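Okay, here's what each chain looks like letter by letter:
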Amino acid sequence: MKLNIRFRTSASLRPSEIAEMWALYQAYYDYSEDYFYNRIERNTHFVFFHDQDQLVGFSGLRINRMLHQIHRVCLFYFGQGVIHHDYRGKNLLRKMGIRMVFHFWKEILFSRCYFWCDAVSFKSYLAIAKGMDEYYPHYQQPTPKFELTLINSLGRKFYGEHFCESNGTVHKPQNFVSDPSAQVKEEVLDCPEIAFYTRANPGYRQGNGLITITPMNGKNMRYLIQRILRKRKKKGTMPTTRRQPKLQGAV
């Protein structure tokens, strides 16, 4: 297995690449093909994960810059993303975060930078909650005023009347997530982050999203690297077997 991560602008994608993306995406989300293609235009970039020449995951990326409370803020939105289930738990998102630090170092140096998403499943929320040390909303502490007003600004700007400012959630017309592993079952509620997600986003069963942000600061970058190194060390002490993924058909 030789995984690599690549950044591409949305405008540079070829029709054959988009078709390959759709073939992977439709196994996990209940979107129409037309809607999927239309959403691509909303993203400025995409991040691709390949195992040699095989596409095993991707995420849309939209970069926005704004002035918030006299501070220059750069926002990196992640959405329209999927990772094949055979490649989950392999630190792909954490490695992507570290790559982005090097790729967009000028923005990080001269702005307050945040990753953000509207988490439509606990899996999306957990990717940030388990991958970062500082993130909001957090199950153990209140959201600071700056981040709270930033969440509200994002909600009003990008979702308008579909945004609920009282709890930071986004109303969706339907639940588009068809991935069985993203369904909340009783046993996963033992995880405090997942339990918090269900409380913070009471409409999650209807597909509503919870706006979640995490700063791209030194503390989070150190935490990211430490998590990757610990997992790599742990993996090195255990025998592993290689599985060949089946990328076509239902999950």
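Please read these numbers as outputs of a predicted model, since none were measured by experiment.

**Student:** Got a minute to help me understand the overall build of the chain in this structure?
**Tutor:** Along the backbone of the chain there are eight helices and eight strands. For a compact globule of 251 residues, the expected C-alpha radius of gyration is about 18 Å, and the chain comes in at 18 Å, within 12% of that figure. Dimensions along the principal axes, computed over C-alpha positions, put the chain at roughly 50 × 45 × 40 Å. Summarising the internal contacts of the chain: among those between residues at least 6 apart in sequence, 72% fall at separations of at least 24. Of the roughly 13,600 Å² of accessible surface on the chain, 52% is carried by carbon and sulfur atoms.

**Student:** Explain helix H1 (residues 15–25) to me, please; I cannot follow it from the model alone.
**Tutor:** Residue pairs three or four apart in sequence face the same way in an α-helix, which turns once every 3.6 residues. Looking at H1, one finds that the buried residues are Glu-17, Ile-18, Met-21, Trp-22, Leu-24 and Tyr-25. Viewed end-on, H1 has its buried residues packed into an arc of 160 degrees, placing them on one side of the element. Residues of H1 that are exposed and angled more than 90 degrees away from the buried face: Pro-15 and Ser-16. Packing partners of the buried residues in H1 comprise strand S1 (3–9), helix H2 (33–40), strand S2 (45–51), strand S3 (54–68) and strand S4 (71–83).

**Student:** What's the story with the pattern of salt bridges in this structure? I'm lost.
**Tutor:** A side chain with one charge can pair with a side chain of the opposite charge if their charged atoms come near. For the structure on display, the rule yields seven salt bridges. The salt bridge involving Glu-134 is made with Lys-219; its shortest N-O contact spans 3.6 Å. Linking Glu-134 in the loop between helix H5 (122–129) and helix H6 (145–159) with Lys-219 in helix H8 (residues 218–236), this pair joins segments that are 85 residues apart in sequence. Each of Arg-8, Arg-14 and Glu-17 takes part in salt bridges that share partners, so that together they form one network.

**Student:** What's the story with the side chain of Asn-152 in this structure? I'm lost.
**Tutor:** Relative to the helices and strands, Asn-152 is located in helix H6. Ignoring sequence-local partners within four residues, the contact set of Asn-152 consists of Phe-163 and Glu-165.

**Student:** Even after reading the chapter, I still don't get the environment of Asn-43, so can you show me in this structure?
**Tutor:** Relative to the assigned elements, Asn-43 resides in the loop between H2 and S2. According to the relative accessible area criterion, Asn-43 is buried, its value standing at 6%. The spacing of Asn-43 and Ala-11 is 32 residues in sequence and 9.4 Å in space, taken between C-alpha atoms. Ignoring sequence-local partners within four residues, the contact set of Asn-43 consists of Ser-10, Gly-60, Leu-61, Arg-62, Tyr-77 and Gln-80. For Asn-43, the side chain forms a polar contact with the main-chain oxygen of Arg-39, separated by 3.5 Å.

**Student:** What should I look at first to understand helix H7 (residues 192–200) in this one?
**Tutor:** Of all nine residues in H7, seven are buried; the element is thus mostly enclosed. For H7, the set of buried residues is Glu-193, Ile-194, Ala-195, Phe-196, Tyr-197, Thr-198 and Ala-200. Along its buried surface, H7 packs onto strand S5 (112–119), H5, strand S7 (169–170) and strand S8 (209–215).

**Student:** Teacher, can you tell me more about the packing of aromatic side chains here?
**Tutor:** Think of a pair of aromatic rings as described by two things: how far the centres are apart, and how the planes are tilted against each other in angle. All told, the structure shown has 23 aromatic pairs when counted by the stated rule. Look at Phe-76 and Phe-115: their rings are 6.3 Å apart centre to centre, the planes differ by 85 degrees, and that puts the pair in the edge-to-face class. Placement of Phe-76 in strand S4 and of Phe-115 in strand S5 is noted, with a sequence separation of 39 residues between them. Here Phe-76 and Phe-115 have matching classes, each one buried. Put simply, the rings of Trp-22, Tyr-25, Tyr-29, Tyr-31, Tyr-35, Phe-36, Tyr-37, Phe-46, Phe-48, Phe-58 and Phe-176 pair up and form one aromatic cluster. We note Lys-157 situated over the ring of Phe-158; from NZ or CZ to the ring centre the distance is 5.5 Å.

Cut-off values and rules
- Residues numbered from 1 in each chain as written.
- Predicted model: local features only at pLDDT ≥ 70, side-chain atom pairs only at ≥ 80, totals over all residues.
- Heavy atoms only, no water.
- Helix = DSSP H or I, 4+ residues; strand = E, 2+ residues; numbered from the N terminus.
- Rg over C-alpha atoms; globule rule 2.2 N^0.38 Å.
- Contact = heavy atoms within 4.5 Å.
- Areas by Shrake-Rupley, 256 points an atom, 1.4 Å probe, with all protein chains shown as cover.
- Buried < 20%, exposed > 50% of the residue type's maximum accessible area, 1.4 Å probe, protein only.
- Arc of directions from axis to C-beta.
- Salt bridge = Lys/Arg side-chain N within 4 Å of Asp/Glu carboxyl O.
- Polar contact = N/O pair within 3.5 Å; in protein donor to acceptor, adjacent residues only side chain to side chain.
- Phe/Tyr/Trp six-rings, centres within 6.5 Å; stacked < 30°, edge-to-face > 60°.
- Lys NZ or Arg CZ within 6 Å of the ring centre and 35° of its normal.

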